[in-house]
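This is what each chain is made of:
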Amino acid sequence: MVRTTSRKLGRFAWHYVEMVIAMLAGMFVLAPLWPDAWLALPEVDALVMATDMAIGMTVAMLLRGHSWALIGEMAAAMYLPFLVLLVPYWVGALSAMALMTAGHVIMFPLMLAAMVWRRDHYRH
């Protein structure tokens, strides 16, 4: 069966939405497992949230049959913004709220870029 460009684009967009939903599910399901003392530290809180979202996304991607390499790329797109933003946070150039906000704002386009880079894997 030959799929039209619009159908491929629709599948691609839906795949992105599914991953965001899986990330949110991971965040809400796993968040209660972390000690409050850890989450009081903004840098730990940011990395814990990225971990929770990466676990949810990993489960969704495994269910779709994606390779560990693709899962690793997507997880890197999720962690990278937070890791980079920790430096300005530590030197006082970013507040804790700015760290979390900017990390999320940057993460979503990076995830999309990873998907576009490997688009043949995401529009099936």
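Quick summary incoming for the structure in this document.

Parameters and conventions
Residues numbered from 1 in each chain as written. Predicted model: local features only at pLDDT ≥ 70, side-chain atom pairs only at ≥ 80, totals over all residues. Heavy atoms only, no water. Helix = DSSP H or I, 4+ residues; strand = E, 2+ residues; numbered from the N terminus. Contact = heavy atoms within 4.5 Å. Patch = residues over 30% accessible without salt bridge, like charges linked within 9 Å, V, L, I, M, F, W, Y side chains within 5 Å. Areas by Shrake-Rupley, 256 points an atom, 1.4 Å probe, with all protein chains shown as cover. Salt bridge = Lys/Arg side-chain N within 4 Å of Asp/Glu carboxyl O. Buried < 20%, exposed > 50% of the residue type's maximum accessible area, 1.4 Å probe, protein only. Phe/Tyr/Trp six-rings, centres within 6.5 Å; stacked < 30°, edge-to-face > 60°. Expected span 1.5 Å × (residues − 1). Lys, Arg positive; Asp, Glu negative; His and termini not counted. Polar contact = N/O pair within 3.5 Å; in protein donor to acceptor, adjacent residues only side chain to side chain.

Remarks on the environment of I106
Here's step 1: Tracing the chain through its elements places I106 in helix α5 (residues 96–117).
Here's step 2: Sequence-wise, I106 and V29 are 77 residues apart; in three dimensions their C-alpha atoms are separated by 23 Å.
Here's step 3: If near-sequence neighbours (up to four positions away) are discounted, I106 is found in contact with P81 and L85.

Quick word on a nonpolar patch on the surface
Here's step 1: A cluster of nonpolar residues, L80, V84, V105, I106 and L110, forms a patch on the protein surface that exposes about 410 Å² of accessible area.
Here's step 2: Mapped onto the nonpolar patch, the elements with two or more residues apiece are α4 (68–90) and α5.
Here's step 3: Of the residues forming the nonpolar patch, the biggest block, three residues, is contributed by α5.
Here's step 4: Note that V105 resides in helix α5.
Here's step 5: Relative accessible area serves as the criterion here: at 53%, V105 is assigned to the exposed category.

Section: the packing of aromatic side chains
Here's step 1: Tallied over the full model, the rule gives one aromatic pair.
Here's step 2: Between W34 and W38, the aromatic rings sit 5.6 Å apart at their centres with planes inclined by 45 degrees, giving tilted as the arrangement.
Here's step 3: Judged by its relative accessible area of 43%, W38 falls in the partly exposed class.

Brief notes about helix α3 (residues 42–63)
Here's step 1: With 22 residues, α3 ought to run about 32 Å at 1.5 Å a step, and its terminal C-alpha atoms sit 32 Å apart, in line with that.
Here's step 2: Buried residues of α3: A46, V48, M49, A50, D52, M53, A54, G56, M57, T58, A60 and M61, and no others.
Here's step 3: Downstream of α3 by one or two residues, G65 has phi in the positive range, about 85 degrees.

Examining the side chain of D52
Here's step 1: Considering the arrangement of structural elements, one finds D52 in helix α3.
Here's step 2: The buried charged residue D52 lacks any salt bridge partner; its closest oppositely charged side chain belongs to R64, at an N-O distance of 21 Å.
Here's step 3: Those residues in contact with D52 that sit more than four places away from it in its chain are G26, M27, L30, A31 and W34.

Considering the side chain of H15
Here's step 1: The topology assignment puts H15 in helix α1 (residues 5–30).
Here's step 2: A residue is classified by how much of its surface remains accessible, and H15, at 1% relative accessible area, is buried.
Here's step 3: Within the local environment of H15, its side chain forms a polar contact with the side chain of R64, the two groups lying 3.0 Å apart.

Here we look at the pattern of salt bridges
Here's step 1: A complete count under the given rule lists two salt bridges for this structure.
Here's step 2: A salt bridge links R118 to E73, with the shortest nitrogen-to-oxygen separation between them at 2.8 Å. Of the two residues, R118 sits in the loop between α5 and α6 (119–122) while E73 sits in helix α4, which places them 45 residues apart along the sequence.
Here's step 3: For R118, a relative accessible area of 31% corresponds to the partly exposed category.
Here's step 4: Given the relative accessible area of 27%, E73 is considered partly exposed.

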